[in-house]
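Examination of the molecular architecture
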Amino acid sequence: MKVLGFLLQKEFRQIRRDTTILRIMFMLPIIQLVIFPLAIDFDVKSINISIVDQDHSTYSQKLISKIASSGYFKVVSAETSFKKSLTYIEKGQADLIMEIPAGFERNLVREGVQKIGISVDAINGTKAGIGGQYLNSIITDFNVNIDMNLRGAVAPEQSGAIDITYTNWFNPRAEYKYNVVPAILVLLLTMIGGFVTALNIVKEKEVGTIEQINVTPIKKWEFILGKLIPFWVIGMIVFTLGLTISWLVYGIVPRGSFLTLYSFAAVYLVALLGFGLLISTYSDNQVQAMFVAFFFIMIFILMSGFFTSTDGMPGWAKVISNMTPVAHFVKTDRMIILKGSGFNDVKMEFFYLVGFAAILNGWAIRNYKKTN
Amino acid sequence: MKKLSIFNSQLSTFIKKEFFHVFRDRRTLLIMFGLPVVQIILFGFALTNEVKNIEIIILDNAKDINSQQITNKIKTSSYFQVQASVLNFKDIEKTFKKGNIKCALIFPAHFGEDLLHIGKSQVQIITDGSDPNIAKTVVNYLTAIIMDYQQQIAPSPALSYRIIPETRMLYNEEGNGSLNFIPGVMALVLMIVCTTLTSVAVVKEKELGTMEVLLVSPFKPVFVLIAKAVPYLLLSMINVILILLLAVYLLDVQIQGSVFLLFFESILFIITCLSLGLMISNITNSQQTAMLLSMMGMMLPTLIFTGFLFPLENMPLPFQIISHIVPARWYFIIVKAVMLKGLGFQYVWKETLILTGMTLLLLGVALKNFKIRLQ
């Protein structure tokens, strides 16, 4: 135990000396927490529409002004042909085109039915889908109005009407920051645990100091613990810093208990540190360690439900997602902070994390032995 | 002329040496090719903004024909997975706190009766607002299903005048959800791999002290940089070819525009990243700093400001301005235009020019700093 104390002293001193890394570890959280929630907003607010009106009639004008005043759409251009309108889509300046054909009003009044063309830029699926839906509902609404105008009828009393009300629990105004901030707290621990530790042992290998440690009577577990504990402490400090910032800047206070939240963070960090150490033991040099860490962290970030939901993923991808500790902590972190889930609600996830921590660290220690 | 050829032969010897360096480290090489390939495949298949298989609980207080018909409609739609229903309202919150349930649909007692006798009834949707995207989609989907049912049981009096919208999906007839992600992942992967590898290459020589040797040799310092960059340029070009082959043959994304143009633009982007790497290596002194700068420093801006994950137009103005200096943003636009929309050079000349300008600027800064170190 005494040896471990000396090791820790040495590691802490080394970390303190390297001010660049230390600064990165503390600045990164702050920057991320301030930028991400401001930058991430999936809300489809203004959909750019280019209009081709070949009719120029009262009704086509009415429809256009109804769309323009709906609040969802911004009319970016009015063209005379589809071809000209298409250039706006090609340049990315418009999301959809609405084509009103010549004879629109005449056909509508005479035959009662008239088609109009809507073309959406479907590369960005979300915007296309939502834009199309909005436009459809505006047109449906417009249909009822023409009917009333032309037939002089009053809006018919609908029988069998189902009134739908909805509430968003845990985030009544459906603001994205509530979704993003807890995820970033996880991201912080992931980066410290994954990147920084991955580089750590490998650096000793590259510089050659690991040989010196290997010839001393230090036990393996002491060595590994000596590497783990300092970063664990830093990680917990950063986590606390993150929670403080989310409270000060965004007013987000965990609804669940701090004890539950911190238990999860503590175990998660051990798992991720083990992961970083594991990468370290497998790599020959820092470049390799960094790339492998990058590879996995990208997978963690993009596949664990940080930014895109895992619900839409194909089954095999969900399996991969579940095999990362990150997916479990992102999920539970959101649950504890936003929904106030208690330990009993999420205990299975806790055991998952404990499992990850045990496996990853055990593997790292085993693999470190080999290099000796 | 003769002098030039001496330099050229010197340069080619030097490039050869750098190639040996790169090829000797088999593992790094494997990583350089393995990572992009695996990531393109994973993300190409897995990332999507589509919302499917949403877990829903239905609290049916009415248990009549109407509520059951609606429940069946929801069960058969591919968007929802109906979970075992809870017994009363109080249990809903418990269920939400426990797991993955994204929404609850509540039928009041006498739902069908009211519908029949009063001609009016109501349902309540409760969503898990902690994911606003899903919450909104859920409300949209459920509303559509219920409205559809309403039409079925009580068709609204036919309108005599109707405008029928006919929607066409441009560029993406099948609604392939991953289409937007592929150019984004391409930009991200190339950016990180090219920048980091070059940034480390020069710094490593500094760290090991071999740089001094190079600088006292009768070899133009500019050539040191060129020689460092050339192997990575060639390897990255092979990477681009691999990625494009994967996109076409595995992910089923057809290249609509000119392959030649796409390749040319990719090379330009690679050179931009290499220049950025060279600049980073000139301003740093250790591998660790260089890597942290090029990886953490580039990863987040590329993720956020390229526009493939988060819509740029929703960001506050300062961020929108920042996004203009992120090279990946322009490459992303180019790839989308050429690969997915099939547009020609006349549509992307502006972005090409911007990337070229950035490259020249970065190279200029890199070279200038390099000279200062010589003196």
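Looking at an unreviewed UniProt entry, chain B carries the name ABC transporter permease, with the source organism given as Dyadobacter subterraneus. Checking UniProt for chain B, the heading Subcellular location (unreviewed entry) contains the comment "Cell membrane". As stated in UniProt under Sequence similarities (unreviewed entry), the record for chain B gives "Belongs to the ABC-2 integral membrane protein family."

As annotated in an unreviewed UniProt entry, chain A carries the name ABC transporter permease and is attributed to Dyadobacter subterraneus. Annotation of chain A in UniProt includes, under Subcellular location (unreviewed entry), the sentence "Cell membrane". Quoted verbatim from the Sequence similarities (unreviewed entry) field of the UniProt record, the comment on chain A reads "Belongs to the ABC-2 integral membrane protein family."

With 15 residues, helix 13 (residues 325-339) of chain A should reach 21 Å at 1.5 Å per residue; the first-to-last C-alpha distance of 21 Å fits that figure. Phi turns positive one or two residues past the end of helix 13 of chain A, at A:Gly340, with a value near 75 degrees.

Between helix 11 (residues 286-303) of chain A and helix 2 (residues 26-46) of chain B, whose axes approach to 10 Å, the crossing angle comes to 5 degrees. Here helix 11 of chain A lies roughly parallel to helix 2 of chain B, going by the angle between them. Mapping the contact onto sequence places A:Val287, A:Gln288, A:Phe291, A:Val292, A:Phe294, A:Phe295, A:Met298, A:Ile299, A:Leu302 and A:Met303 in helix 11 of chain A and B:Arg27, B:Thr28, B:Ile31, B:Leu35, B:Val38, B:Gln39, B:Leu42, B:Phe43 and B:Ala46 in helix 2 of chain B. Classifying every residue of the contact of helix 11 of chain A with helix 2 of chain B by side-chain character gives 15 nonpolar, 3 polar and 1 charged.

This part is about the interface of chain A and chain B. Often, the extent of an interface is quoted as the loss of accessible area upon association of its parts. Opposite the 110 residues of chain A that make contact, chain B presents 107 residues. Between chain A and chain B, roughly 10300 Å² of surface is buried when both sides are summed, and carbon and sulfur atoms account for 65% of that area. Between the two partners, chain A and chain B, sit 3 salt bridges. Salt-bridge contacts for A:Lys339 lead to B:Asp128; the nearest nitrogen and oxygen are separated by 3.1 Å. For the interface between chain A and chain B, the tally reads 28 residue pairs in polar contact (both at pLDDT 80 or more). A per-element tally of the side of chain A that touches chain B places helix 11 of chain A first, with 14 residues. Broken down by class, the residue content of the side of chain A that touches chain B amounts to 60 nonpolar, 29 polar and 21 charged. As paired elements, strand 5 (residues 161-169) of chain A and strand 4 (residues 120-128) of chain B share 9 bridges and run parallel to each other. Residue pairing across strands places A:Tyr166 opposite B:Ile125, the latter belonging to strand 4 of chain B.

Time to look at the sheet that holds strand 3 (residues 103-107) of chain B. Sheet architecture is open: 5 strands sit in the order 5(A)-4(B)-3(B)-1(B)-2(B), paired in mixed fashion. In the strand order of this sheet, the two ends are held by strand 5 of chain A together with strand 2 (80-83) of chain B, each with one partner. Adjacent strand axes in the sheet meet at a mean angle of 25 degrees, parallel and antiparallel pairs treated alike. Most of the contacts of helix 6 (residues 132-153) of chain B go to strand 5 of chain A, to which it runs at about 170 degrees, and overall it touches strand 5 of chain A together with strand 1 (54-60), strand 2, strand 3 and strand 4 of chain B.

To continue, consider empty space enclosed by the protein. Summed over all chains, the structure comprises 1 cavity of 30 Å³ or more. One number sums up the size of the largest cavity: a volume of about 60 Å³. Around the largest cavity sit A:Ile24, A:Met25, A:Leu28, A:Pro29, A:Gln32, A:Leu188, A:Met191, A:Ile192, A:Val196 and B:Met296, which together line it. Secondary-structure elements contributing two or more residues to the lining of the largest cavity are helix 2 (19-39) and helix 7 (177-207) of chain A.

Below, the discussion takes up the UniProt feature "transmembrane region" (unreviewed entry) in chain A. Residue and element names in this part refer to chain A. The sites that UniProt annotates as "transmembrane region" (unreviewed entry) are residues 21-40, 180-202, 229-253, 259-279, 291-309 and 350-368. Taken as a whole, residues 21-40 contains 95% helix and 0% strand, while its terminal C-alpha atoms sit 27 Å from one another. The span residues 180-202 shows a helical share of 100% and a strand share of 0%, and its end C-alpha atoms are spaced 33 Å apart.

Another aspect to go through is the pattern of salt bridges. All names here are of chain A. Summed over all chains, the structure comprises 15 salt bridges over all chains. Between Lys227 and Glu11 there is a salt bridge; the shortest N-O distance is 2.9 Å. Of this pair, Lys227 sits in helix 9 (residues 220-250) while Glu11 is found in helix 1 (residues 2-17), placing the two residues 216 residues apart along the sequence. For Lys227, a relative accessible area of 1% gives the class buried. A salt bridge links Lys227 to Glu204; the nearest nitrogen and oxygen atoms lie 2.4 Å apart. In this pair, Lys227 is assigned in helix 9 and Glu204 in helix 7, connecting sequence segments 23 residues apart. Overall, the relative accessible area of 7% leaves Glu204 in the buried class. Salt bridges here are not isolated pairs; linked through shared partners, they connect Lys10, Glu11, Glu204 and Lys227.

What counts as what
Residues numbered from 1 in each chain as written. Chains lettered and ligands numbered in written order. Predicted model: local features only at pLDDT ≥ 70, side-chain atom pairs only at ≥ 80, totals over all residues. Heavy atoms only, no water. UniProt positions renumbered as here; feature names shortened; annotations may be inferred. Helix = DSSP H or I, 4+ residues; strand = E, 2+ residues; numbered from the N terminus. Expected span 1.5 Å × (residues − 1). Axes fitted to C-alpha atoms, helices over the stretch in contact; angles between N-to-C directions. Parallel < 35°, antiparallel > 145°, perpendicular 65-115°, else oblique. Contact = heavy atoms within 4.5 Å. Nonpolar A, V, L, I, M, F, W, Y, C, P; charged D, E, K, R; others polar. Buried area = accessible area lost by both parts, 1.4 Å probe. Salt bridge = Lys/Arg side-chain N within 4 Å of Asp/Glu carboxyl O. Polar contact = N/O pair within 3.5 Å; in protein donor to acceptor, adjacent residues only side chain to side chain. Pairing = 2+ DSSP bridges. 1 Å grid on protein atoms, 1.4 Å probe; cavity = no way out; pocket = protein on both sides within 12 Å on 5 of 7 lines; lining within 4 Å. Points joined across faces, edges and corners; volume = space filled by probe spheres on them. Buried < 20%, exposed > 50% of the residue type's maximum accessible area, 1.4 Å probe, protein only.

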